[in-house]
Amino acid sequence: MVREAEAFADRMAQRRSVRDFSGDPVPAGVVEAAIRAASTAPSGANVQPWRFAVLTDPVRKRRLREAAEAEERAFYDRRASPEWLAAIAGIGTDWRKPFLETAPVVIVVFEVHQGPNSPKPYYVKESVGMAVGVLITALHHAGLATLTHTPSPMRFLNEVCERPPEERPYVVMPVGYPTPDARVPDLTRKPLDEVMVCR
């Protein structure tokens, strides 16, 4: 059991967020299986308040990129605090989001709130957050790279994905293979003794 747990932790330690995606298609069924795994996450009252919109159509991904870049340009130019800009300086990100178009698959995750065809959910953000964590893990386990992208505001995603108003965007996740020359920041993770407390 310990060996299995340590092997899994070692595998997850190799996960990195990627911004340089190749256009190579992903095998049929991989994304569906990962979403099926994500749907096993716990949720308040077992309402399962999530929706996974899977975008593969180049025209729709182009619309997504254009809308996201418009919001991001406004954010970086006018709304982002100097503190935030300093915090992300080493990551090398800006308003340009080509990965929304080049990744073969983009998954837009929505929180599902009460509506004509959906019941009242409980602990929505917590539930959807856990499902997204399982999704990232499942995709990494399958050998695919991901990125969590949260443009602000995100309501334009309802129109791009043709989703009703009771569904609220949570995160945009490009999925695919990194390009051969993809670069990721040289980040370190906190050691275990900084994140775990035993009493």
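Whatever comes next refers back to the structure up there.
Residues numbered from 1 in each chain as written. Predicted model: local features only at pLDDT ≥ 70, side-chain atom pairs only at ≥ 80, totals over all residues. Heavy atoms only, no water.

A. Spotlight on the overall build of the chain. Broken down by element type, the chain carries 8 helices and 4 strands. Across the chain, helices and strands are ordered from the amino to the carboxyl terminus as α-α-β-α-α-α-β-α-β-α-β-α. Expected size for 199 residues packed as a compact globule is a radius of gyration near 16 Å; at 18 Å, the chain falls within 12% of this value. Projecting the C-alpha coordinates of the chain onto the three principal axes gives extents of approximately 45 × 40 × 40 Å. Classification of the 199 residues of the chain by burial places 39% in the buried group. Positive and negative side-chain charges of the chain, numbering 26 and 25 respectively, have mean locations separated by a distance of 2 Å. (Helix = DSSP H or I, 4+ residues; strand = E, 2+ residues; numbered from the N terminus. Rg over C-alpha atoms; globule rule 2.2 N^0.38 Å. Buried < 20%, exposed > 50% of the residue type's maximum accessible area, 1.4 Å probe, protein only. Lys, Arg positive; Asp, Glu negative; His and termini not counted. Charge placed at Lys NZ, Arg CZ, Asp CG, Glu CD.)

B. Summary view of the sheet that holds strand E4 (residues 167-176). If you walk across this open sheet you meet the 4 strands as E1-E2-E4-E3, and the pairing is antiparallel. Each end of this open sheet is capped by a strand with a single partner; those strands are strand E1 (50-55) and strand E3 (145-146). In this structure, E1 lies alongside strand E2 (residues 105-112), joined through 6 bridges in antiparallel fashion. When the bridges of E2 are listed, phenylalanine 52 appears paired with valine 109. Along the sheet, helix H3 (residues 58-79) makes contact with E1, E2 and E4, crossing E1 at roughly 115°. Here helix H6 (residues 124-141) sits on the sheet in contact with E1, E2, E3 and E4, set at roughly 10° to E4. (Pairing = 2+ DSSP bridges. Contact = heavy atoms within 4.5 Å. Axes fitted to C-alpha atoms, helices over the stretch in contact; angles between N-to-C directions.)

C. Spatial organisation of a nonpolar patch on the surface. On the surface, Leu192, Val195 and Met196 cluster together into a nonpolar patch covering about 300 Å² of accessible area. Tracing the chain through its elements places valine 195 in helix H8 (residues 192-195). (Patch = residues over 30% accessible without salt bridge, like charges linked within 9 Å, V, L, I, M, F, W, Y side chains within 5 Å. Areas by Shrake-Rupley, 256 points an atom, 1.4 Å probe, with all protein chains shown as cover. Salt bridge = Lys/Arg side-chain N within 4 Å of Asp/Glu carboxyl O.)

D. Molecular detail of the side chain of glutamate 167. Inspection of the secondary structure assignment puts glutamate 167 in strand E4. Overall, the relative accessible area of 2% leaves glutamate 167 in the buried class. In terms of polar contacts, glutamate 167 uses its side chain to reach the side chain of arginine 163, at 2.8 Å. (Polar contact = N/O pair within 3.5 Å; in protein donor to acceptor, adjacent residues only side chain to side chain.)

E. How the structure looks around the environment of arginine 11. If you trace the backbone, arginine 11 turns up in helix H1 (residues 2-13). Sequence spacing of arginine 11 and histidine 140 is 129 residues, and the spatial spacing of their C-alpha atoms is 8.7 Å. Every residue in contact with arginine 11, bar those within four places of it in the chain, is listed here: His140, His141 and Gly143.

F. Focus on the packing of H1 against H6. Remark: H1 packs on H6, axes separated minimally by 10 Å, with the N-to-C direction vectors making an angle of 90°. Of the possible angle classes, the one that applies to H1 and H6 is roughly perpendicular. Touching Phe8, Arg11 and Met12 of H1 are Thr137, His140 and His141, all from H6. (Parallel < 35°, antiparallel > 145°, perpendicular 65-115°, else oblique.)

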